[in-house]
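Analysis of the macromolecular model
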Amino acid sequence: MLLISSIQGIGSSIFPLVGLFLTMALSMAILLVCEKRVTPIKAIQYSFMATVRKVMPMTAIYLVVMILFLYLLLLRVLV
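Throughout what follows, the structure given in this document is the object of discussion. (Residues numbered from 1 in each chain as written. Predicted model: local features only at pLDDT ≥ 70, side-chain atom pairs only at ≥ 80, totals over all residues. Heavy atoms only, no water.)

1. Remarks on the side chain of Thr-51
As a reminder, the rule being used: Going along the chain from the N terminus, every DSSP run of H or I of four or more residues is numbered as a helix, and every run of E of two or more is numbered as a strand. A simple rule labels every residue: compare its accessible area, found with a 1.4 Å probe on the protein chains alone, to the largest value its type can have, and call it buried under 20%, exposed over 50%, or partly exposed in between. Two N or O atoms form a polar contact when they lie within 3.5 Å of each other; inside protein one atom must be a possible hydrogen donor and the other a possible acceptor, and for residues adjacent in sequence the pair counts only when both atoms belong to side chains.
Within the secondary structure layout, Thr-51 lies in helix 4 (residues 40-53). Take Thr-51: its relative accessible area is 1%, and that puts it in the buried class. A polar side-chain atom of Thr-51 sits 2.8 Å from the main-chain carbonyl oxygen of Ser-47.

Listed below in structure tokens is the structure:
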């Protein structure tokens, strides 16, 4: 977990879009460690490979979730 947070922090400080990509890529690594019982380094590698191969669908999912979150936040503020 510390390694993943460090990688995301460094990526975000270099360039925000790199940080967003790293967040998408590393978000599945923890699940791989818990569910598939792979080592943390292998989980990070697998997560990167999967994200690079499916970057557009993952970006669409993240955008939909972000839009829904902002919509619900806006509704909460207006009510």
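2. Examining unusual backbone geometry
One non-glycine residue with positive phi stands out, namely Arg-37, at about 60°. Within the fold, Arg-37 resides in the loop between helix 3 (29-36) and helix 4. Of the residues examined, Arg-37 reaches a relative accessible area of 72% and is grouped as exposed.

3. As for the packing of helix 3 against helix 4
Cut-off, in case you're wondering: Between N-to-C directions, angles span 0 to 180 degrees; the directions come from axes that are lines fitted to C-alpha atoms, helices contributing only their stretch in contact. Roughly parallel here means an angle under 35 degrees, roughly antiparallel means over 145, roughly perpendicular means 65 to 115, and every remaining angle is called oblique. What makes a crossing left-handed is the near helix being turned counterclockwise from the far one by less than a right angle; a clockwise turn instead makes it right-handed. We call two residues in contact whenever any of their non-hydrogen atoms come within 4.5 Å of each other.
The geometry of helix 3 relative to helix 4 is characterised by a closest axis approach of 8 Å and an angle of 125° between their N-to-C directions. In terms of their interaxial angle, helix 3 and helix 4 are classed as oblique. Between helix 3 and helix 4 the crossing geometry is right-handed. Across from Ala-29, Leu-32 and Val-33 in helix 3, the residues of helix 4 making contact are Pro-40, Ala-43, Ile-44, Tyr-46 and Ser-47.

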